[in-house]
Amino acid sequence: KLLTTQLQNQDPTAPTDTNQLTQQIATLSQVEQQINTNANLQKLISLFNTSTLNSVVGYIGKQVETEGDKGVLQNSKASFVYNLEKDAGSVDIQILDYSGKVVLSASGTKVAGRNEVLWDGKDGGGNQLPDATYTLKVVAKDTSGAEIKVKTSTVGVVTSVDSKDGTTTVSLGDVSVALDKIISVRQAVI
């Protein structure tokens, strides 16, 4: 339409140069192809996002682990994970509620590598706490009393899968985790 309008409105005593007209046609053709390519890419992205969402739905009901220090108490069961850089002489574990109050203090396993804490949701007095998100704090020391580096992970059972603005997340109760941050997926044991 643009080219036809230009031809209709050109000065008949000084018509557009043939080479210039050919270049304009080629440029307009390239722009049209780019617009079509962009539209097709948008369709592919939409299909990919739908495919990703469909495949992640299988995570619902599975236990996932991701970087973090949260544990989700679900049905009075929670799992926390911590990794020790090396064997420890002592490992002190604290589980804190949403306000930062310590609800349980205990000793943990001292083996280098991955260690899992299974918790029944009872505080230090034996009272059952409500299902919610709790925080794990771990202090590990070697036999000489020097602190050992500890890395914690968030663990929970996937309750829903969401996709917004091209980002897929899974929900572990109140905790939302980006799909690319998940370290492992297992059969739910908690």
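Coordinates for the structure precede this section.
These notes cover the structure that comes with them. Given the structure is predicted, the values throughout are model-derived calculations rather than measurements.

Thresholds applied
- Residues numbered from 1 in each chain as written.
- Predicted model: local features only at pLDDT ≥ 70, side-chain atom pairs only at ≥ 80, totals over all residues.
- Heavy atoms only, no water.
- Salt bridge = Lys/Arg side-chain N within 4 Å of Asp/Glu carboxyl O.
- Helix = DSSP H or I, 4+ residues; strand = E, 2+ residues; numbered from the N terminus.
- Buried < 20%, exposed > 50% of the residue type's maximum accessible area, 1.4 Å probe, protein only.
- Pairing = 2+ DSSP bridges.
- Axes fitted to C-alpha atoms, helices over the stretch in contact; angles between N-to-C directions.
- Contact = heavy atoms within 4.5 Å.
- Polar contact = N/O pair within 3.5 Å; in protein donor to acceptor, adjacent residues only side chain to side chain.

### A look at the pattern of salt bridges
Right, on to step 1. By the definition in use, this model includes six salt bridges.
Right, on to step 2. A salt bridge links Arg186 to Glu65; the shortest N-O distance between them is 3.3 Å. Here Glu65 lies in strand β1 (residues 62-67) and Arg186 lies in strand β13 (residues 182-187), a separation of 121 residues in the sequence.
Right, on to step 3. Looking at Arg186, the relative accessible area reads 37%, which means it is partly exposed.

### Overview of the pairing of strand β11 (residues 167-172)
Right, on to step 1. β11 sits mainly inside the fold: five of its six residues count as buried.
Right, on to step 2. Where strand β10 (residues 160-164) and β11 come together, five bridges link them in antiparallel fashion. Of the residues in β11, the one forming a bridge with Ser163 is Thr168.
Right, on to step 3. Between the end of β10 and the start of β11, which pair antiparallel, lie two residues, with Asp165 showing a positive phi angle near 55°.
Right, on to step 4. The pairing of β11 with strand β12 (residues 175-178) spans four bridges and is classified as antiparallel. From the neighbouring strand, Leu172 faces β12, where its bridge partner is Val175.
Right, on to step 5. The loop that links β11 with its antiparallel partner β12 comprises two residues; one of these, Gly173, has a positive phi angle of about 65°.

### A look at the sheet that holds β12
Right, on to step 1. Spatially, β10-β11-β12 is the arrangement adopted by the three strands of the open sheet, whose pairing is antiparallel. Each having just a single partner strand, β10 and β12 make up the two edges of the open sheet. Between one strand axis and the next, the sheet turns through 30° on average, direction left out of account.

### With respect to the environment of Asp120
Right, on to step 1. Structurally, the position occupied by Asp120 is in the loop between β6 (113-119) and β7 (133-141).
Right, on to step 2. With a relative accessible area of 40%, Asp120 lands in the partly exposed category.
Right, on to step 3. Linking Asp120 and Ser76, residues 44 residues apart in sequence, is a C-alpha distance of 5.6 Å.
Right, on to step 4. When residues no more than four places from it in sequence are discounted, the contact partners of Asp120 are Leu73, Ser76 and Gln128.
Right, on to step 5. A polar atom in the side chain of Asp120 sits 3.0 Å from the backbone nitrogen of Lys122.

### Points about unusual backbone geometry
Right, on to step 1. For Asn75, which is not a glycine, the phi torsion comes out positive at approximately 55°.
Right, on to step 2. Positionally, Asn75 belongs in the loop between β2 (70-72) and β3 (78-84).
Right, on to step 3. Assessed through its relative accessible area of 65%, Asn75 is described here as exposed.
Right, on to step 4. Its identity is not glycine, yet Ser76 carries a phi of approximately 60°, on the positive side.

### Re the pairing of strand β4 (residues 90-96)
Right, on to step 1. The sheet contact formed by β4 and β7 spans seven bridges and is antiparallel. Directly across from Val91, in β7, lies its bridge partner Ala140.
Right, on to step 2. Where β4 meets strand β5 (residues 102-107), five bridges bridge the pair, whose relative direction is antiparallel. By the bridge assignment for β5, Leu96 is matched with Val102.
Right, on to step 3. Hairpin geometry of β4 and β5 is characterised by an intervening segment of five residues between the two adjacent antiparallel strands and by a positive phi of about 95° at Gly100.

### Structural notes on the environment of Val72
Right, on to step 1. The topology assignment puts Val72 in strand β2.
Right, on to step 2. Overall, the relative accessible area of 2% leaves Val72 in the buried class.
Right, on to step 3. With 61 residues separating them along the chain, Val72 and Thr133 place their C-alpha atoms 4.5 Å apart.
Right, on to step 4. Residue contacts for Val72: discarding those within four places in its chain leaves Lys77, Ala78, Ala132, Thr133, Val155, Leu172, Gly173 and Val175.

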